[in-house]
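Here is how the chains run, residue by residue.
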Amino acid sequence: MYNDYQRLITKVATLYYVDDIPQNVIAKQLRLSKSKVCRLLAEAKQNGIVHTSVYSTNEHSRLESIFERRYGLQEAIITSEGTNPLDEVGTAGAEYMRRVIREGDIIGISWGKTLHSVTLHMSPFRAENVQVVQLVGGMDSVVNQVQSGKLAIQFAMTCGCSAQLLYCPARASTIDLKQSLMLDPSINQAFRLARSATIALVGIGAVSPTAELFQNGYLPLDLLKQLRDEGAVGDMCMRYFDERGIEADSSISDLTMSIELADLRNIPNVVAVAVGSEKGDAILGALKGGIVNTFITDKATADYVLSLDGVSPNEEDPIR
């Protein structure tokens, strides 16, 4: 039986999806309102007349979708496995930051080799009224290459702006010293700006003797056992957290000169860049704890993190 309405839906869908004719032109040609054309196109999809397929050139788009759905991420970016994962992920991180930085953004930055790689791959660009702020205090010359102060300056230079630095150690020697440092106007101003950040670019550290903080002697090895006993699996800005992303009740937290984990969670876009299976538990804790909004890694690390969470990347993701 002839059905003019179904014919009209098919006609509109053909003109729009096959012949690539704009909706306003279709409306004029068929003497319909533009809103009517929109409704007909919506019905074409609902009734199965139109099937939309996206042919992705990104080989890891499905894996990225699993991470985004499972951990509530704004975006996951997964690079291919290569000879230098740090370089690949650093490039991806740099391109992402250039894409998302907008006028008026306040960008907080922590420290680490992965963030150093991001900074190295940043090409200069101009964003109006952007500020960069250091999220964790400075470290000694042993880890100078990847310390937050140096990275904040380098990152600010690529954005054509200045950096608000934390002129203090990442770890105070005593509670009294920390309290005194917090009274300093410059340090106090840096922490206020950090809490107002719109984007935080952070690394994720493992609770392991091979982690840079322990390997380079910035933190004593006896602290490692204490952190493990307290259930810590990783750190972000030297704030240690457990497998649920909850900050560990450690003596180091009282001495740490960095943005607090609670304040980090309030930043609209926390961009975590991390590579390596040794960081698997730390990454999973950060993701499950909802600390991270955007996650950038390589495929090998992504596969390992999912395996720790009991998910096969080749199966449909059982969303929790």
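Here the structure is shown first, and the text comes after it.
Basis of the calculations
Residues numbered from 1 in each chain as written. Predicted model: local features only at pLDDT ≥ 70, side-chain atom pairs only at ≥ 80, totals over all residues. Heavy atoms only, no water. Buried < 20%, exposed > 50% of the residue type's maximum accessible area, 1.4 Å probe, protein only. Helix = DSSP H or I, 4+ residues; strand = E, 2+ residues; numbered from the N terminus. Pairing = 2+ DSSP bridges. Right-handed = clockwise from strand over helix to strand, strands pointing away. Contact = heavy atoms within 4.5 Å. Axes fitted to C-alpha atoms, helices over the stretch in contact; angles between N-to-C directions.

S.K.: Got a sec to walk through the pairing of strand β9 (residues 269-273)? Specific residues and values, please.
M.R.: With 5 of its 5 residues buried, β9 lies for the most part within the structure. Side chains Asn269, Val271 and Val273 of β9 all project onto a buried face; the interleaved residues Val270 and Ala272 project onto the opposite face, where all are buried too. One ladder, built from 4 bridges, connects strand β5 (residues 199-202) with β9; its direction is parallel. Note that in β9 the partner of leucine 201 across the bridge is valine 271. The pairing of β9 with strand β10 (residues 294-298) spans 3 bridges and is classified as parallel. Across the sheet, valine 273 pairs through a bridge with isoleucine 296, a residue of β10. Handedness of the crossover is the feature at issue here: the chain leaves β9, passes through helix α13 (residues 280-288), returns alongside β10, and the resulting connection is right-handed.

S.K.: Tell me about the sheet that holds strand β7 (residues 234-236), residues and numbers included.
M.R.: Whenever strands of a sheet pair, they do so through backbone hydrogen bonds, lying parallel or antiparallel. What the 3 strands build is an open sheet, ordered β6-β7-β8; its pairing is antiparallel. The open sheet has two edge strands with one neighbour each: β6 (205-206) and β8 (239-241). Taken together, the 2 bridges between β6 and β7 define a ladder with antiparallel strand orientation. Looking across to β7, one finds that alanine 206 is bridged to glycine 234. Across the face of the sheet, α13 comes into contact with β6, β7 and β8 while running at roughly 90° to β8.

S.K.: So what's going on with unusual backbone geometry? Residues and values would help.
M.R.: Unusually for a residue other than glycine, aspartate 20 sits at a positive phi of about 60°. The backbone of methionine 238 sits at a positive phi, close to 65°, despite the residue not being glycine. As for its position among the elements, methionine 238 is in the loop between β7 and β8. The exposure class assigned to methionine 238 is buried, which follows from its relative accessible area of 1%.

S.K.: Summarise the environment of alanine 156; cite the residues concerned and give the values.
M.R.: Along the polypeptide, alanine 156 turns up in helix α7 (residues 148-159). Between the C-alpha atoms of alanine 156 and arginine 228, which are 72 residues apart in sequence, the distance is 36 Å. Beyond its immediate sequence surroundings of up to four residues, alanine 156 is in contact with Val132, Cys161, Ser162 and Ala163.

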